[in-house]
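# Observations on the three-dimensional arrangement
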Amino acid sequence: MITKGPTMCILPWMHIYTSAGGDVVPCCEAQESIMNAGNLRETWNGTKYKELRTALMRGEQHPACHVCWHNEANGIESNREINERDFWDDYADKIVAFEDGTVETAPMWIESKVSNFCNLKCKMCSTESSYKRTHDLDIIRKFSPEDNEFQHETRLLRPLELYEYLQNDPELWEDVDRLQFSGGEPIINEEHYTLLNSIPKHRRHKIQLRYASNLTHLQFKKHDLIELWRQFRHVQVKISVDGVHDVYNYIRTGAEFEDVVSNIRTLYASPVNVSLGLGLTVQAFNCFQLPEFYNYFEGMGIDWFHIGAYMLQTPKYLNIGVYPEPIRSAIQNKLKADGRFDHIVKYLDSNDRTKLWNKKTVPYAQALETRYKDADTFEGLLEKYL
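Everything numeric here is computed off the predicted structure, so don't read it as measured data.

Taken N-terminus to C-terminus, the directions of helix α14 (residues 327–338) and helix α15 (residues 342–350) make an angle of 155 degrees; their axes are 9 Å apart at the nearest point. By the criterion of interaxial angle, the relationship of α14 to α15 is roughly antiparallel. For the pair α14 and α15, the sense of crossing is left-handed. Only Ile 344, Val 345, Leu 348 and Asp 349 of α15 make contact with α14, whose side of the interface consists of Arg 328, Ile 331, Gln 332, Leu 335 and Lys 336. For the contact of α14 with α15, the class distribution of residues is five nonpolar, one polar and three charged.

Structural data, given as structure tokens:
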């Protein structure tokens, strides 16, 4: 039995996250903390996992969870807090755990980064999440030296060995009730379909599928995504959208905003038992458009299960703390007048990274604008929305 506490997180007790390279890490916010200790079952109760669990039980801020501690210290709802609120009642009573951090129950929620292959080259994205960003490594490396600030993955990653293990352990699926995919872009990755088709048919109607997707595609090769999804209990899609109209197109190189909106409407009207949500990465390239973003999507007539805003931390020069005056005050005044973004205003009050603005933020944006001949510029968008 586990109990709530000031540092307790439910994820390490019932959830496992696998990276695009096949490593096991605690969650999407702690991808540098590799927990590997043999195969997936051995890792689940390996030394590193037990150390993490016992630290969280004792009220210690384990360093693997530094993103959550940073967000909580700055008044931003952390991944730890979100999952406690959303999933504690669903899972806490089912977990069989011991004081040494061992968990007798198997993972009930598997979250997998299918690959780092994506069809987009989003300006804030790392090569670990989009292999296409290797085309921009010269620019990325110029402003993000190869240190802990930003990862530069130069390989196309596919967790083939891990997926082979998952496909050949049918007993594992007897305990799983949530299977989550991220990427890259999972809908255009073949391994995602192979894994779904390997799940025992008698378990599919018990499993909820969850996706983090850019939703630029609803079809891939011969696969009938809608028909496949109908075999599962429920499908939840959190759509990665970082702005509306011109800001979206500026950030998400290779995508068109109206195409994504069309796919959203198609999926919402489909016969699949589906829930749609939005995931917004709050960053220097969009903080000034937050009111327009929420107004647009709240006005679509869709019953979103969640609209989540997540503060970008790396690279540091795209964190919103880089805004200098008078841009910073203009954004704060706009957000204060709206009334929904007091936490963002407070974050700007307590985070000053303005020294990066002229040194990195602006020249990085200009370098990418020149390369991709963007229809809009960062400077022009700031002018327009402020």
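Next up on the list: helix α17 (residues 378–385). Of all the residues in α17, the buried ones are Phe 378, Leu 381, Leu 382 and Tyr 385. The buried side chains of α17 occupy one side of the element, clustering within an arc of 100 degrees when seen end-on. Of the exposed residues in α17, the ones pointing more than 90 degrees away from its buried face are Glu 379, Glu 383 and Lys 384. On its buried face, α17 sits against α11 (246–251), α13 (290–298), α14 and α16 (355–372).

Per the counting criterion, the structure on display carries 23 aromatic pairs. Here the aromatic rings of Phe 257 and Phe 297 are separated by 6.1 Å at their centres, their planes lie at 75 degrees, and the arrangement is edge-to-face. Taken together, the residues Phe 257 in helix α12 (residues 257–268) and Phe 297 in helix α13 connect sequence positions 40 residues apart. By the burial criterion, Phe 257 is buried, and Phe 297 matches it. Aromatic side chains Phe 297 and Trp 304 sit 5.9 Å apart centroid to centroid with 80 degrees between the ring planes, which places their arrangement in the edge-to-face category. With respect to burial, Phe 297 and Trp 304 carry one shared label: buried. By the ring-pair criterion, three or more aromatic residues cluster together here, those being Tyr 248, Phe 257, Phe 293, Tyr 294, Tyr 296, Phe 297, Trp 304 and Phe 341. Above the plane of the ring of Tyr 250 lies Lys 123, whose end atom (NZ or CZ) is 4.2 Å from the centre.

Turning next to the side chain of Asp 242. In this fold, Asp 242 is placed in the loop between β7 (234–240) and α11. Taking the relative accessible area as the measure of exposure, Asp 242 reaches 1% and is therefore buried. Within the structure, Asp 242 has its side chain in polar contact with the side chain of Arg 252 (distance 2.8 Å). There is a polar contact of 3.0 Å between the side chain of Asp 242 and the backbone nitrogen of Thr 281. In this view, Asp 242 contacts Met 124, Val 247, Tyr 248, Ile 251, Arg 252, Gly 279, Leu 280, Thr 281, Gln 283, Asn 286 and Phe 293; residues no more than four positions away in its chain are not counted.

Here we take up the environment of Arg 41. By the secondary structure assignment, Arg 41 is in helix α2 (residues 40–44). Here Arg 41 falls in the partly exposed class, since its relative accessible area comes to 38%. Note: C-alpha distance between Arg 41 and Val 261 (220 residues apart in sequence) is 40 Å. Those residues within four positions of Arg 41 in sequence are excluded, and the remaining contacts are Tyr 165, Asp 169, Glu 171 and Leu 172. At 2.9 Å, the side chain of Arg 41 forms a polar contact with the side chain of Asp 169.

Looking along a regular strand, one sees side chains alternate from face to face of the sheet. Within strand β5 (residues 178–182), five of the five residues are buried, which leaves the element mostly enclosed by the surrounding structure. Burial along β5 is two-sided: the residues Arg 178, Gln 180 and Ser 182 and Leu 179 and Phe 181 are all buried. As paired strands, strand β3 (residues 109–113) and β5 are joined by five bridges and run parallel to one another. Paired with Ser 112 across the two strands is Phe 181, which belongs to β5. Pairing geometry for β5 and strand β6 (residues 208–213), over four bridges, is parallel. Looking at the pairing, Leu 179 lines up with Leu 209 of β6.

Reading guide: rules and limits
Residues numbered from 1 in each chain as written. Predicted model: local features only at pLDDT ≥ 70, side-chain atom pairs only at ≥ 80, totals over all residues. Heavy atoms only, no water. Axes fitted to C-alpha atoms, helices over the stretch in contact; angles between N-to-C directions. Helix = DSSP H or I, 4+ residues; strand = E, 2+ residues; numbered from the N terminus. Parallel < 35°, antiparallel > 145°, perpendicular 65-115°, else oblique. Left-handed = near helix turned anticlockwise from the far one by under 90°. Contact = heavy atoms within 4.5 Å. Nonpolar A, V, L, I, M, F, W, Y, C, P; charged D, E, K, R; others polar. Buried < 20%, exposed > 50% of the residue type's maximum accessible area, 1.4 Å probe, protein only. Arc of directions from axis to C-beta. Phe/Tyr/Trp six-rings, centres within 6.5 Å; stacked < 30°, edge-to-face > 60°. Lys NZ or Arg CZ within 6 Å of the ring centre and 35° of its normal. Polar contact = N/O pair within 3.5 Å; in protein donor to acceptor, adjacent residues only side chain to side chain. Pairing = 2+ DSSP bridges.

Remember that the coordinates give geometry; whether it matters functionally is a separate question.
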